[in-house]
Amino acid sequence: EEPSMAEKNEYFTQKLENGTLQISEDVVASVAAAAVLEVEGVCGLSSNISTDIAEMLGMKTLSKGVRLSSTESGALRIDCDVVAKFGQNIFELAKNVQENVKSSVESVTGLTVGEVNVTVCGIALPKETKK
């Protein structure tokens, strides 16, 4: 059985042999965020929704630039908003982010990651070029 995510509940539940395991969305998002930041050429995570709004709506994970949802098959879908360092090959960067996030989240949580969508929403320019 695939882990399913309840609508209002912020936990991913998995059946174990003698019971269930629940993993908080925040935990999964933190693992994903850490995996994104490990990738060379990533400057950081960005969020389109300001932290204030995210907190008001109770969406802590949004402020990290990582969003979690489920695919139609019930696997985990992770959306990452990334800021790349200047001069990086963005295609390569996105592929590396996808691979790292998928392998990290799957090995740490045991959840099945169906897709990792990378949005490069900014480029960090080197300090010298900023006037």
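Shown above is the structure to which this text applies.
Residues numbered from 1 in each chain as written. Predicted model: local features only at pLDDT ≥ 70, side-chain atom pairs only at ≥ 80, totals over all residues. Heavy atoms only, no water.

Peer 1: Got a minute to help me understand a nonpolar patch on the surface in this structure?
Peer 2: On the surface, Phe 86, Ile 90, Ile 123 and Leu 125 cluster together into a nonpolar patch covering about 360 Å² of accessible area. Mapped onto the elements, Ile 90 comes out in helix α3 (residues 90-109). (Patch = residues over 30% accessible without salt bridge, like charges linked within 9 Å, V, L, I, M, F, W, Y side chains within 5 Å. Areas by Shrake-Rupley, 256 points an atom, 1.4 Å probe, with all protein chains shown as cover. Salt bridge = Lys/Arg side-chain N within 4 Å of Asp/Glu carboxyl O. Helix = DSSP H or I, 4+ residues; strand = E, 2+ residues; numbered from the N terminus.)

Peer 1: Sorry, what's going on with the side chain of Gln 14 here?
Peer 2: With respect to the secondary-structure elements, Gln 14 resides in strand β2 (residues 11-16). Here the side chain of Gln 14 touches Gly 110 through a polar contact of 3.1 Å, landing on its backbone oxygen. (Polar contact = N/O pair within 3.5 Å; in protein donor to acceptor, adjacent residues only side chain to side chain.)

Peer 1: What is the right way to look at the packing of helix α1 (residues 25-38) against α3 in this model?
Peer 2: Describing two packed helices takes the angle between their axes plus the distance from one axis to the other. With their axes 8 Å apart at the nearest point, α1 and α3 run at an angle of 140 degrees to one another. In terms of orientation, α1 lies oblique with respect to α3. α3 is crossed by α1, and the crossing has right-handed handedness. Across the interface between the two elements, Val 28, Val 31, Ala 32, Ala 35, Val 36 and Glu 38 of α1 pack against Val 97, Asn 100, Val 101, Ser 104, Val 105, Val 108 and Thr 109 of α3. Considered class by class, the residues forming the contact of α1 with α3 number nine nonpolar, three polar and one charged. (Axes fitted to C-alpha atoms, helices over the stretch in contact; angles between N-to-C directions. Parallel < 35°, antiparallel > 145°, perpendicular 65-115°, else oblique. Left-handed = near helix turned anticlockwise from the far one by under 90°. Contact = heavy atoms within 4.5 Å. Nonpolar A, V, L, I, M, F, W, Y, C, P; charged D, E, K, R; others polar.)

Peer 1: Explain the pairing of β2 to me, please; I cannot follow it from the model alone.
Peer 2: Residues in a regular strand project their side chains so that they alternate between the two faces of the sheet. With six bridges connecting them, β2 and strand β3 (residues 19-24) associate as antiparallel partners. Looking across to β3, one finds that Leu 16 is bridged to Gly 19. The loop that links β2 with its antiparallel partner β3 comprises two residues. (Pairing = 2+ DSSP bridges.)

Peer 1: How should the pattern of salt bridges be read in this particular structure?
Peer 2: Taken as a whole, this structure holds five salt bridges when the rule is applied. Lys 95 serves as the salt-bridge partner of Glu 92, at 3.8 Å between the closest nitrogen and oxygen. Taken together, the positions of Glu 92 and Lys 95, both in helix α3 and three residues apart, correspond to about one turn of that helix. Since its relative accessible area comes to 33%, Lys 95 is described here as partly exposed. Here Lys 102 makes a salt bridge to Glu 106, at a shortest N to O gap of 3.0 Å. With a gap of four residues between them, Lys 102 and Glu 106 both fall in helix α3, about one helical turn apart. In the salt-bridge network here, residues are joined through shared partners; they are Arg 77, Asp 79 and Glu 115. (Buried < 20%, exposed > 50% of the residue type's maximum accessible area, 1.4 Å probe, protein only.)

Peer 1: Got a minute to help me understand α3 in this structure?
Peer 2: Each full turn of the α-helix corresponds to 3.6 residues, which orients residues three or four apart in the same direction. Along its 20 residues, α3 runs 28 Å from first to last C-alpha, staying within 8% of the 28 Å computed at 1.5 Å per residue. Of all the residues in α3, the buried ones are Leu 93, Ala 94, Val 97, Val 101, Ser 104, Val 105 and Thr 109. Along α3, the residues classed as buried sweep out an arc of 110 degrees about the axis, all on the same side. With respect to the buried face of α3, the exposed residues turned more than 90 degrees away are Phe 91, Glu 99 and Ser 107. Taken together, the buried residues of α3 touch β2, β3, α1, β4 (42-45), β6 (76-85) and β7 (113-124). The backbone nitrogen of Phe 91 has a side-chain oxygen 2.9 Å away, supplied by the residue at the start of α3, namely Asn 89. (Expected span 1.5 Å × (residues − 1). Arc of directions from axis to C-beta.)

Peer 1: What is the right way to look at the nonpolar core in this model?
Peer 2: Buried together is how nonpolar side chains tend to be arranged in soluble globular proteins. Counting 25 residues, the largest nonpolar core has Val 28, Leu 68, Leu 76, Ile 78, Val 101 and Val 105 as the members making the most contacts within it. If you list the elements that add at least two residues to this core, you get α1, β5 (66-70), β6, α3 and β7. The greatest single-element share of this core, amounting to seven residues, is contributed by α1. Excluding residues that lie within four positions of it along the chain, Val 28 makes contacts with Phe 12, Ile 23, Leu 68, Leu 76, Val 105, Thr 109 and Leu 111. (Core = buried A, V, L, I, M, F, W, Y, C linked by side-chain atoms within 4.5 Å.)

Purely spatial values, then, with no claim about function.
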